Amino acid sequence: MSTTLLEPGQEAGRNYLNADYSIRSWLLTTDHKRIAILYLVSITFLFVVGGASAGLMRLNLMTPQGALTSAETYNKLFTMHGLIMIFFFLIPSIPAVLGNFLVPMMIGARDVAFPRLNLLSWYLFIAGSLLAMVSALTGGVDTGWTFYTPYSTTYSNSYVVMMAVGVFIAGFSSILTGMNFIVTIHTMRAPGLTWFRLPLFLWSLYATSAIFILGTPVLAISILLLGLERIFGVGIFDPKLGGDPLLFQHLFWFYSHPAVYVMILPGMGVISEVIPCFARKRIFGYNFVAFSSVAIALIGFLVWGHHMFVSGQSVYAGMVFSFLSFLVAVPSAIKVFNWTATLYKGAITYHTPMLYAFGFLGLFTIGGLTGLFLATLAVDVHVHDTYFVIAHFHYIMVGGAMMAYLGAIHFWWPKISGRLYPDAWARLSAVVIFLGFNLTFFPQFILGYLGMPRRYHAYPPEFQVLHVMSTAGSSILGVGYLIPLVYLLWSLRYGRAAGPNPWGAKGLEWQTPSPPPTENFERTPVVTEEAYAYTGEEASVDA
Amino acid sequence: MVSSLPLFPERASTIGADVDHLYFFLLAVSAVFAALIFASVFYLAIRYRRRPANLRAEQVPGSLTLELTWSLVPLGLMMVMFFWGADLYFRLARPPDGAAEIYVVAKQWMWKLQHPEGPREINELHVPIGRPIRLIMASEDVIHSFYVPAFRTKQDVVPGRYTSVWFQATKAGRYRLFCSQYCGASHAQMTGWVHVMQPADYENWLSGGATGESMPAAGERLFQRLGCGTCHRPDGTGRGPSLEGVLGKPVLLQGGAKVLADEAYVRESVFNPDARIVAGYQAVMPTFQGQITEEGLLQIIAYLKSLQRGAQP
Amino acid sequence: MPDSELALAHHFVDLDQQHDAATLGMWVFLVTEIMFFGGLFAGYALYRSIYPAAFGHGSRLCDVTLGAINTVVLISSSLTMALAVRAAQLGLRARLIAFLAATLLLGSLFLGIKFLEYSHKFHEHLVPGAGFGYSGPNSRQVQLFLCFYFGMTGLHALHMVIGVGVLLVLMVLAWRGHITPLRSNSVEVAGLYWHFVDIVWIFLFPLLYLVDLHK
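Predicted model, so just to flag it, every value in this text is computed and none were measured.

Chemist: Explain the overall build of chain A to me, please; I cannot follow it from the model alone.
Modeler: Per the secondary structure count, chain A includes 15 helices and zero strands. Taken over the C-alpha trace, chain A has a radius of gyration of 23 Å; the compact-globule value for 543 residues is 24 Å, and the two agree within 12%. Along the first, second and third principal axes, the C-alpha set of chain A runs to 70 × 45 × 45 Å. Here chain A holds 543 residues, and the buried ones make up 71% of them. Across chain A, every contact between residues at least 6 apart in sequence was considered, and the portion connecting residues at least 24 apart equals 83%. For chain A, the exposed area adds up to about 16,200 Å²; of that, 70% sits on carbon and sulfur atoms.

Chemist: Please explain the nonpolar core as it appears in this structure.
Modeler: A general trend in soluble globular proteins is that nonpolar side chains are found buried together. The biggest cluster of nonpolar side chains holds 275 residues, and the ones touching the most others in it are F87, L98, I236, M354, Y405 and W412 of chain A. The dominant element in this core, judged by the number of residues it contributes, is helix 8 (residues 245-279) of chain A, at 22 residues. If near-sequence neighbours (up to four positions away) are discounted, Y405 of chain A is found in contact with L40, I43, F89, S93, I94, V97 and L98 of chain A. With 48 residues, the next largest nonpolar core counts L77 and L450 of chain A together with A106 and A188 of chain B among its residues.

Chemist: Would you explain the sheet that holds strand 1 (residues 100-107) of chain B in this entry?
Modeler: Consider a sheet: its strands pair through backbone hydrogen bonds, and that pairing is either parallel or antiparallel. Residues and elements named next belong to chain B. Spatially, 3-2-1-5-8 is the arrangement adopted by the five strands of the open sheet, whose pairing is mixed. Two strands lie at the open edges of the sheet, namely strand 3 (120-122) and strand 8 (163-168), each paired on one side alone. Averaged over all pairs of adjacent strands, the angle between their axes in this sheet comes to 25 degrees, without regard to strand direction.

Chemist: How should I be thinking about the sheet that holds strand 9 (residues 173-179) of chain B in this particular structure?
Modeler: Residue and element names in this part refer to chain B. The strand order across the open sheet built from five strands is 4-10-9-6-7, with neighbouring strands paired in mixed fashion. The open sheet has two edge strands, strand 4 (124-128) and strand 7 (153-157), and neither has a second partner. Here the strands of the sheet are splayed against their neighbours by 20 degrees on average, with no regard to which way each runs. The pairing of strand 6 (residues 144-148) with strand 7 spans five bridges and is classified as antiparallel.

Chemist: What should I look at first to understand the confidence of the model for chain A in this one?
Modeler: Reading predicted coordinates in detail is not appropriate for stretches of low pLDDT. Of the residues in chain A, 97% reach a pLDDT of 70 or more, and the chain-wide mean stands at 94. Low pLDDT (under 50) marks residues 1-5 of chain A, which in the prediction has 14 contacts with non-local residues, meaning those over four places away or in another chain.

Chemist: Would you explain the interface of chain B and chain A in this entry?
Modeler: Bring the parts together and some accessible area is lost; that lost area is often taken as the interface size. In this assembly, 86 residues from chain B lie in contact with 94 residues from chain A. Here chain B is connected to chain A by three salt bridges. Linking E58 of chain B and K345 of chain A is a salt bridge whose minimum nitrogen-to-oxygen distance equals 3.6 Å. Put simply, chain B and chain A have 28 residue pairs in polar contact (both at pLDDT 80 or more) between them.

Chemist: Could you clarify how one ought to interpret empty space enclosed by the protein in this entry?
Modeler: Picture a little ball the size of a water molecule; that probe, rolled over the atoms, points out where space is still empty. All names here are of chain A. According to the stated counting rule, one finds seven cavities of 30 Å³ or more in the structure shown. Taken as a whole, the largest cavity spans an internal volume of roughly 130 Å³. Elements with a contribution of two residues or more to the lining of the largest cavity: helix 3 (71-107), helix 6 (160-187) and helix 7 (200-232). Per-element accounting of the lining of the largest cavity gives the leading share, six residues, to helix 6.

Chemist: Just checking my understanding: could you explain the side chain of T386 of chain A for this structure?
Modeler: With respect to the helices and strands, T386 of chain A occurs in the loop between helix 12 (377-383) and helix 13 (387-417). In this structure, T386 of chain A is in contact with G448, G451, M452, P453 and R454 of chain A together with Y147 and K154 of chain B, ignoring residues within four places of it in sequence.

Chemist: How should I be thinking about the packing of aromatic side chains in this particular structure?
Modeler: Two aromatic rings are characterised by how far apart their centres lie and by the angle between their planes. For the structure on display, the rule yields 79 aromatic pairs over all chains. Arranged with centres 5.0 Å apart and planes meeting at 65 degrees, the rings of F82 of chain B and F83 of chain B form a pair that is edge-to-face. What makes F83 of chain B exposed here is its relative accessible area of 55%. Cluster of aromatic residues (ring-pair linked, three or more members): F373, F388, Y395, F437, F441, F442, F445 and Y449 of chain A together with F8, Y23 and F24 of chain B. Its end group placed over the ring of Y48 of chain B, R47 of chain B keeps NZ or CZ at 4.6 Å from the ring centre. For the cation-ring pair, R94 of chain B lies above F90 of chain B, with the distance from its terminal atom to the ring centre recorded as 4.5 Å.

Chemist: What am I meant to see in a nonpolar patch on the surface here?
Modeler: Residues and elements named next belong to chain A. Together, I23, L27, L28, L120 and Y123 make up a nonpolar patch on the protein surface, roughly 460 Å² of accessible area in all. Along the chain, L120 turns up in helix 4 (residues 115-137). In this structure L120 comes out as partly exposed when scored by relative accessible area, which is 39%.

Chemist: Is there a simple way to explain the domain arrangement of chain B in this structure?
Modeler: Residues and elements named next belong to chain B. Domains assigned within chain B are domain 1 (12-42 + 66-94), domain 2 (100-208) and domain 3 (215-308). When each unit is reduced to the centre of its C-alpha atoms, the spacing between domain 1 and domain 2 is 30 Å. Counting residues at the interface gives 11 residues for domain 1, matched by 10 residues for domain 2. Where domain 1 abuts domain 2, roughly 860 Å² becomes buried across the two surfaces, and 56% of that area is made up of carbon and sulfur atoms. Connecting domain 1 to domain 2 are one salt bridge.

Chemist: What's the story with helix 4 (residues 215-225) of chain B in this structure? I'm lost.
Modeler: An α-helix turns once every 3.6 residues. As a result, residues three or four positions apart point the same way. Residues and elements named next belong to chain B. Among the residues making up helix 4, those that are buried are M215, P216, A218, G219, L222 and F223. For helix 4, the arc enclosing every buried residue in end-on projection is 160 degrees, short of the 170-degree limit, so these residues lie on one face. Of the exposed residues in helix 4, the ones pointing more than 90 degrees away from its buried face are R221, Q224 and R225. Among the residues trailing helix 4, G227 stands out with phi positive, at a value near 80 degrees.

Chemist: Before we go on, may I ask you to explain the environment of N70 of chain C in this structure?
Modeler: Residue and element names in this part refer to chain C. Mapping N70 onto the fold places it in helix 4 (residues 64-90). Residue N70 is classed as buried on the basis of its relative accessible area of 0%. Sequence separation between N70 and A84 is 14 residues; the distance between their C-alpha atoms is 21 Å. The contact partners of N70, leaving out residues within four places of it in the chain, are L109, F110, I113, K114, E117 and W201. Here F110 takes part through its backbone oxygen, which lies 3.5 Å from a polar atom of the side chain of N70.

Chemist: Before we go on, may I ask you to explain the pairing of strand 4 of chain B in this structure?
Modeler: All names here are of chain B. Strand 4 sits mainly inside the fold: four of its five residues count as buried. Two elements, strand 4 and strand 10 (residues 192-197), share five bridges in a ladder whose sense is parallel. Directly across from V127, in strand 10, lies its bridge partner V196.

Chemist: Can you help me understand the confidence of the model for chain B in this one?
Modeler: All names here are of chain B. For chain B, the mean per-residue pLDDT works out to 91, and 96% of the residues sit at or above 70. Least confident of the elements in chain B is helix 7 (residues 294-309), whose mean pLDDT is 88; most confident is strand 6, at 98. With a pTM of 0.93, the predicted complex shows an ipTM of 0.92.

Chemist: Looking at this model, I keep getting lost on helix 5 (residues 93-123) of chain C. Mind explaining?
Modeler: Residue and element names in this part refer to chain C. Compared with the 45 Å implied by 1.5 Å per residue over 31 residues, the 45 Å span of helix 5 between its first and last C-alpha is a close match. Summarising the contacts, the buried residues of helix 5 are in contact with helix 4, helix 6 (139-175) and helix 7 (185-209). Two residues or fewer past helix 5, H125 is found with a positive phi of approximately 60 degrees.

What counts, and at which threshold
- Here the residue index of a chain counts from 1 through its sequence in written order.
- Just so you know, chain letters begin at A and ligand numbers begin at 1, following the order they were written in.
- The model is predicted, so local features are restricted to residues of pLDDT at least 70 and side-chain atom pairs to those at 80 or more, both for listing and for counting; the totals for chains, interfaces and linings are taken over all residues.
- Side-chain figures throughout are based on the complete set of non-hydrogen atoms in the structure, without hydrogens or water.
- Here a helix means four or more residues in a row that DSSP labels H or I, a strand means two or more in a row labelled E, and each is numbered from the N terminus.
- Our radius of gyration looks at C-alpha atoms and nothing else; its globule reference is 2.2 Å times the residue count to the power 0.38.
- For every residue, the accessible area obtained with a 1.4 Å probe (protein chains only) is divided by the maximum for its type, and the residue is called buried under 20%, exposed over 50%, and partly exposed between those limits.
- Here a residue-residue contact requires only that any non-hydrogen atoms of the pair lie within 4.5 Å.
- Areas reported here follow the Shrake-Rupley algorithm with a probe of radius 1.4 Å; residue values treat only the protein chains shown as occluding.
- We define the nonpolar core as a collection of buried residues of types Ala, Val, Leu, Ile, Met, Phe, Trp, Tyr and Cys that are connected through side-chain atoms lying within 4.5 Å of one another.
- Strands are treated as partners if at least two bridges between them are detected by DSSP.
- The axes used here are C-alpha line fits, helices contributing only the stretch in contact, and every angle between their N-to-C directions lies in the interval 0 to 180 degrees.
- How sure the predictor is of each residue is captured by pLDDT, a score from 0 to 100.
- By salt bridge we mean one thing: a side-chain nitrogen of Lys or Arg within 4 Å of a carboxyl oxygen of Asp or Glu.
- Polar contact is defined as a pair of N or O atoms within 3.5 Å, subject to the rule that within protein one atom must be able to donate a hydrogen and the other to accept it, and that residues adjacent in sequence are counted only when both atoms are side-chain atoms.
- Method remark: on a 1 Å grid restricted to protein atoms, a set of points is classed as a cavity if a 1.4 Å probe fits but cannot get out and as a pocket if it is open with protein on both sides within 12 Å along at least five of seven lines; lining residues have an atom within 4 Å of a point.
- Grid points are joined across faces, edges and corners, and a volume is the space filled by probe spheres set on the points.
- When the centres of two rings from Phe, Tyr and Trp lie within 6.5 Å, Trp using its six-membered ring, the rings pair. Their planes under 30 degrees apart give stacked, over 60 give edge-to-face, and anything left gives tilted.
- Only Lys NZ and Arg CZ are tested; either one counts as a charge over a ring when it is within 6 Å of the ring centre and within 35 degrees of the ring normal.
- Like-charged residues within 9 Å of one another, or nonpolar side chains (Val, Leu, Ile, Met, Phe, Trp, Tyr) within 5 Å, are grouped into patches, provided each residue has over 30% relative accessible area and no salt bridge.
- The start and end points of each domain follow an automatic or database-based domain assignment.
- Once two parts are put together, the accessible area they lose, assessed with a 1.4 Å probe and summed over both, is termed the buried area.
- Directions from the helix axis toward the C-beta atoms define the arc.
- One less than the number of residues in a helix, times 1.5 Å, gives the span that helix is expected to have.

This is the structure in structure tokens:
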């Protein structure tokens, strides 16, 4: 395939990007690919805001006295960091960007089932995130992203309701995306594309969408009740008025635990695409990986109480939740083993997406194993609400989901933009991110078992060395994230033309030009082969 | 520098050793599996890299045996973790008989501790080695959490109810106490110390210093001032049931159900009296919401406990 | 251009696919609605189990007669809605408009009666919040019950209002001839939504109005 350098201004044929350059055509688009780009720009901005909050937090934690920010400011920073990163970055990330772009293409369709609802979902996301930003700028929220009552309903003086409304609205954005994916995958598959020929990315997005559908409404109700209590003082959660603070925790975590599977499942789907491609192998254990996605989504709804082992819920409830939490770890383990086995007898290249996949394998493994510590009742009593938990979930969400997201961006960038990026810089930043990440978060496991609590703006001096290590790591991590921003933007103008399939990958999306035309396929393709039908001999572009 | 880089917390409670052993087991299993995955990925990624000697991948069929093995072996190990953890958790939740009780009231942003014998402490807790101690905890405002890393114990303190945690200290010294449930602006300042003392030193400490009123005495005063005795006559002939020896015994309710009259039931009866009424009595008790502080109610409970022991405060 | 071509959106392969997508989409949306109301039902169940007597008192403050009338009204409106869907599928424009109008009227009647109930409660100082004034026992928990009463019926009423809006739009579309047998998905999907809102009421009515009725 050709890799001619494009002259600046030279068109690469008529495609979804150059079909119409007007702002109106972007803001009123119903093309799933353009909506994906709109999401990409929005969440990148929000990631920078969330990341900056974290940077300030880590800087403050360099000294035990926490001299950089006041306690109140710090409390608002960690609240913002959590809210933005979870609701406005991670949850949409892969589904709203890569999912929106790829779902129709992977099944041979022209668009998702409800293109206008898709656009509405982006506007809802923007509205929610604007409210969140306004609440941050006008004074902030200091309840933590978990909004525990009665602090959030009765005691906090911050802009809880405004932020809560922002999250509420953004939740509907997720619901619409989930609806669209489920209906699209069910009803619009190309002829010959049976369920068990689907790319595993779609299995994981389907499972994710099921969680969107079943879980997000419960978050919506929790937030609604929180808002009503705060405004009208009625007493649903405040014990002084006859309410039960634990009811809020149950309602909140009923959504927020499955939410973490929303954050990791799509990433797992990406890994299932990247490893077969760069090993030139069919994935090992397709059925097991597919069913594992479903199992994670289902069992994931039954474990929420593991956030409440010391909250005052009954010992017996704790035991049930602990048991189920162990069960949910099994399908994740199955996936890790299957991905590793896919490498066996492969012909492996170290392109950037594959480096991110390797990073994912290592870091997700550590994150998942440390989850077992938290599922173990007696150990969780000691490490609950300490830095151990923070380290655990950052290994999964940053070491896992974020690396998968970056891997996905690097894998499908040629398809999305029609350009290649400089692989050397890309590999370098992957390594910098991996190293920076580990330095930031591994010390936090140690801090946690030592007893360092979460959400502390100041701490006893014996913890300082570990905190300084963590802050040093976070600076490296920050630099690591900036580098792709630079070369990816650079590639839009100066990158080599990509051609339809620079990686030699299987999948319907690679059979279109890069970038694809607005309608994706001139004629609906017909699928005759299994997923990942690699022969092993596919050529690929040189790095 | 090395001395200021702690890597493992001190251990100062009986249950602490058990928790640490379970933790080491988890660490060992995790290290083995992490090493396994890391080594496999590293090895396979290099051994099967694409190079002139290895230009063609070989498609490998799946293996049900392999899938079952690597599903069931981890599951088995996890079941060990589960049972071990659950057993220990159960023990963490059940204080031994005869545990001494100390009362804790948490509020933004301090810990108020009260020994039944009288001494009160703020952000400090003195306890003796070798005696099981049960903390009965209440919050005046939001959710807090009583966390002593050296004991490996933690329990949220939830407004509107009592929660409790127990420990038995094993080593004299001074150990950090943290609030570990975010509770507002000065959450990070809501810390303190647990001082573990030799039994003799503890007795000295208890009787020395400012001898405050004992809790049962304070509770009895409150009991009389609020007029509880008007209805709750010791012989049960009043409008309310007798409270002699009531704590810890089952009570028959209207409608036939039985409930254990523990601290939580007493609290509910004081603040929400119509909820669960004793059989044979009418719903005439007024609520005392707003008239009794958390500390006051704990003092009354300590007084009621003293009644059943037959000891006069 | 034949109606079948006008009716087909550009991203669907054929009308069957379009129809399947539309109805599956609404079913999926209704699942989210079940989970949405479900949170309120869960909270209701918890507090009713903790405060059974107070919930009985609170329930007896609700007007069973008006509630029962509303139940009949809503069930009837589901019948007219189903008939409207059938009319749309058969291309019977006049009948379609008539049944949509009947459904709309019954829905509005429901909302009117609801408004009546709410204003009674307002005048009797039974709205939770600052002006609450209930003189009976367990006033805190009765206020909690009323919180659920207003929350659940209010959320339901909001869904009814949206439904009424949708019916108005459909009536306009039908009047202009945009609804044909091949382009009747919108009516069918609106029907699913309307029936769901009806079913939620079927659960709300006994849970809120009929607790301890015999006492």
